[in-house]
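Examining the three-dimensional arrangement
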Amino acid sequence: MPVPVPASDEVLVRVHATSVTRGDVVLRKMPGLVIRAFGERPKKVLGHDFAGVVVAVGDEALGFAPGSRVMGTTSGTAHGAHAELLAVPAEGMIVEIPGEASFAEAAPVPVGAMTALHLLSEAGVGKGQRVLVNGASGSVGSYAVQIAKARGARVTAVCSGRNADLVRGLGAEEVVDYTTADVTALGRRFDIVLDAVGTLRKRAARALLADGGAYATTRSRRDETLAELMEVRDLLASGALHAVVDRVYDLEDVPAAHARVEGGHKRGNVLVRVRAEDEVGLA
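Before going into details, it helps to say that this report is about the structure given with it. (Residues numbered from 1 in each chain as written. Predicted model: local features only at pLDDT ≥ 70, side-chain atom pairs only at ≥ 80, totals over all residues. Heavy atoms only, no water.)

**Some details on a negative patch on the surface**
- Taken together, the side chains of Asp 9, Asp 59, Glu 60 and Glu 91 make up a negatively charged region of the molecular surface.
- One can find Glu 60 in the loop between strand S4 (49-57) and strand S5 (69-73). (Patch = residues over 30% accessible without salt bridge, like charges linked within 9 Å, V, L, I, M, F, W, Y side chains within 5 Å. Areas by Shrake-Rupley, 256 points an atom, 1.4 Å probe, with all protein chains shown as cover. Salt bridge = Lys/Arg side-chain N within 4 Å of Asp/Glu carboxyl O. Lys, Arg positive; Asp, Glu negative; His and termini not counted. Charge placed at Lys NZ, Arg CZ, Asp CG, Glu CD. Helix = DSSP H or I, 4+ residues; strand = E, 2+ residues; numbered from the N terminus.)

As structure tokens, then:
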């Protein structure tokens, strides 16, 4: 692919790490958006999450300079993060990486954590509330457990038994193994039910809600905001949030990373390193 040239309001980022999300898999399979190769030149590059270093700025781009360590997402229908170089709007979904956080720690955070933050905020999560997270060991779910905990909520996590210790370590007070127990038969009610994997039927979710409770699901559409990305960055900086990394792939192995995500059994996030391990933070 040709080297991207940043527009006047854009910055050019040398990507050090990115991730493959469920959204990337969905887009790859959508009619009209399927990636097709003509010779050795792909038609479109996927990828939303990114972390890297700014190497050039447009004449009207503000807030960043060459050498800035940044994280963000291409947002909306834009793609392109599964690459060595990426041009993004300087006033878009991009912020500086906090403190000493590595590229590997920052790259998988934006999409999944912003989704979890948005759903919990819409549901009105707060101190002392009882929150049920279905799919707690996935990307959105693992972030939802941590964010709900940081907001003072009491979290019940639904996942497979093999991931019980993982979600307890993230802050869940109780774990329900969906392979051996039916969460709808617990006889419990929750202030918020968050379906992080889109598998909980609405009727079942409503049966789990306390009076006045709120149901949130990743099946609903939403718009990302810079304010959400900044809040996620602050949570990362404070140590209240970190990315669970399932596996790490090199850029040339993105097809294998897609297969891992599509298999439906990953824990947290699938990371793709674009630069050397010592530069990414995996050494």
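**A look at the sheet that holds strand S10 (residues 174-177)**
- One open sheet accounts for five strands, arranged S10-S9-S8-S11-S12; its pairing is parallel. Edge positions in the sheet fall to S10 and strand S12 (209-217), since each of these pairs with one other strand and no more. Neighbour-to-neighbour, the strand axes of this sheet turn through a mean angle of 20°, independent of strand direction.
- Of the strand pairs in this sheet, strand S8 (residues 130-134) and strand S11 (residues 190-195) are connected by four bridges, and their pairing is parallel. Paired with Leu 132 across the two strands is Val 193, which belongs to S11.
- Along the sheet, helix H3 (residues 109-123) makes contact with S8, S11 and S12, crossing S11 at roughly 150°. (Pairing = 2+ DSSP bridges. Axes fitted to C-alpha atoms, helices over the stretch in contact; angles between N-to-C directions. Contact = heavy atoms within 4.5 Å.)

**A short note on the packing of aromatic side chains**
- Throughout the structure, instances matching the rule amount to zero aromatic pairs.
- The aromatic ring of Phe 103 is capped on one face by Arg 69, whose charged end is 4.9 Å from the ring centroid. (Phe/Tyr/Trp six-rings, centres within 6.5 Å; stacked < 30°, edge-to-face > 60°. Lys NZ or Arg CZ within 6 Å of the ring centre and 35° of its normal.)

This is a description of form; function is not addressed.
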